[in-house]
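Descriptive analysis of the structure
What follows is the residue order along each chain.
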Amino acid sequence: MATWSGGCSAMKLTDALAPNPENTQRIKAMNLLEHTVALAPIESEISRQKITDEKTERLMEIDAAALAAKLVETFRANNVFKKITQIAPKDTAQKSLIREARAKKATLLMRVTLKKARVYGTGNNDSAFGNTAMWFMLGVPALWGADMNYGVEITAEVSFLDVASSPDFATLLHSYEYTFKEEGGMTYLERSGSLAVLAIPPQYCPDDLNKVKDAVLPLAQEQFLLKLAEQTKKELGSK
């Protein structure tokens, strides 16, 4: 039975999103970009995203101000730019952002727009059969199996304006769209709280996508920013 219990769990989504020290060290060791960057307030268009099925998908509400502060922290920790600071002008029009960036003596103005952020379910995985067998054999251990797959996806549009080349205007140096996506299993206790588990195997019980979202959002944001740091080094490294 111990063997059955050990074999009833696929790769967990929370484990897939957990920090990887080796990967972090690799990103940190990549070439430092010789730019002084001012980060504009992050904009969000997540609310415009359409959900096709409320039973299998949820939008993730991201605090743009908190994400901006965390982005600066992550980029500094991973040696992305020579210097990066935040700007917060009262007027978020492009001219005001450029003026504020120049006041900070920045060479580049970084703009980030969140286009999509969602958590979604994809159904049973290969652990479902074993987990069902465990439910019939022991009951409680079946709650531990990561037998249902979920995913998290965050998409952002990033652009860099050269604000130092001319006192009169700023030119677009580079822009790119980046999508962070990860999938993995979730246990019954992580995804639901339905008492239906007393009568039927866990994978047939109603799940709670809001509970899944709360469990994965902090980890997903952290990994998204780390991958964004890596992608930025790659994108601007040849510029």
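Our subject is the structure listed above.
These notes cover the structure that comes with them. (Residues numbered from 1 in each chain as written. Predicted model: local features only at pLDDT ≥ 70, side-chain atom pairs only at ≥ 80, totals over all residues. Heavy atoms only, no water.)

Description of the overall build of the chain
A count of helices and strands for the chain gives 8 helices and 7 strands. Along the three orthogonal principal directions, the C-alpha set of the chain runs to about 75 × 35 × 20 Å. Looking at the 239 residues of the chain, the share that counts as buried comes to 49%. Put simply, 79% of the contacts in the chain that link residues at least 6 apart link residues at least 24 apart. On the chain, roughly 12,100 Å² of surface is accessible, and the fraction owed to carbon and sulfur atoms is 52%. If you average the places of the 29 positive and of the 29 negative side-chain charges in the chain, the two averages end up 7 Å apart. (Helix = DSSP H or I, 4+ residues; strand = E, 2+ residues; numbered from the N terminus. Buried < 20%, exposed > 50% of the residue type's maximum accessible area, 1.4 Å probe, protein only. Contact = heavy atoms within 4.5 Å. Areas by Shrake-Rupley, 256 points an atom, 1.4 Å probe, with all protein chains shown as cover. Lys, Arg positive; Asp, Glu negative; His and termini not counted. Charge placed at Lys NZ, Arg CZ, Asp CG, Glu CD.)

Examining the packing of helix H3 (residues 21-29) against helix H8 (residues 209-237)
The geometry of a pair of packed helices is captured by two quantities: the angle between their axes and the separation between those axes. Two elements in contact, H3 and H8, have axes separated by 10 Å at closest approach and are oriented at 30°. Taken together, H3 and H8 sit at an angle that is classed as roughly parallel. Relative to H8, H3 is oriented so that their crossing is left-handed. Contacts from Asn23, Thr24, Arg26, Ile27 and Lys28 in H3 reach Leu226, Lys227, Glu230 and Lys233 in H8. A class-by-class count of the residues in the contact of H3 with H8 yields 2 nonpolar, 2 polar and 5 charged. (Axes fitted to C-alpha atoms, helices over the stretch in contact; angles between N-to-C directions. Parallel < 35°, antiparallel > 145°, perpendicular 65-115°, else oblique. Left-handed = near helix turned anticlockwise from the far one by under 90°. Nonpolar A, V, L, I, M, F, W, Y, C, P; charged D, E, K, R; others polar.)

Here's the deal with the nonpolar core
Counting residues in each nonpolar core, the largest one holds 45 residues, and the members touching the most others are Leu71, Phe75, Phe81, Met110, Leu114 and Phe224. Every element with two or more residues in this core is listed here: strand S1 (33-39), helix H4 (64-77), strand S4 (81-86), strand S5 (108-124), strand S6 (148-162), strand S7 (171-186) and H8. Considering every element that reaches this core, the biggest residue donor is H8, with 10 residues. Each residue touching Phe224, except ones within four places of it in the same chain, is listed here: Leu67, Leu114, Ile154, Ala156, Tyr178 and Phe180. Of all hydrophobic cores here, the second largest spans 10 residues; its members include Ala38, Ile87, Leu97 and Leu109. (Core = buried A, V, L, I, M, F, W, Y, C linked by side-chain atoms within 4.5 Å.)

Quick word on H4
With 14 residues, H4 should reach 20 Å at 1.5 Å per residue; the first-to-last C-alpha distance of 20 Å fits that figure. At the N-terminal boundary of H4, the capping side chain belongs to Asp63, with an oxygen 3.1 Å from the backbone nitrogen of Ala65. Asn79 sits one or two residues past H4 and shows a positive phi near 55°. (Expected span 1.5 Å × (residues − 1). Polar contact = N/O pair within 3.5 Å; in protein donor to acceptor, adjacent residues only side chain to side chain.)

Some remarks on the packing of H4 against H8
Running from N to C, H4 and H8 point in directions that differ by 50°, and their axes come no closer than 10 Å. As the angle between them shows, H4 and H8 are arranged oblique. The handedness of the crossing between H4 and H8 is right-handed. Where H4 approaches H8, its residues Leu67, Lys70, Leu71, Thr74 and Phe75 are matched on the opposing element by Gln221, Phe224, Leu225, Leu226, Leu228, Ala229 and Thr232.

Overview of the pattern of salt bridges
Taken as a whole and judged by the stated rule, the model has 14 salt bridges. A salt bridge links Glu54 to Arg58, with the nearest nitrogen and oxygen atoms 3.4 Å apart. Two residues, Arg118 and Glu57, come together in a salt bridge whose shortest N-O distance is 3.0 Å. Of this pair, Arg118 sits in strand S5 while Glu57 sits in strand S3 (residues 57-59); the two residues are 61 residues apart in sequence, bridging distant segments of the chain. Across this residue pair, the class does not change: Arg118 and Glu57 are buried. Sharing partners across several salt bridges, the network here consists of Arg26, Lys227, Glu230 and Lys234. (Salt bridge = Lys/Arg side-chain N within 4 Å of Asp/Glu carboxyl O.)

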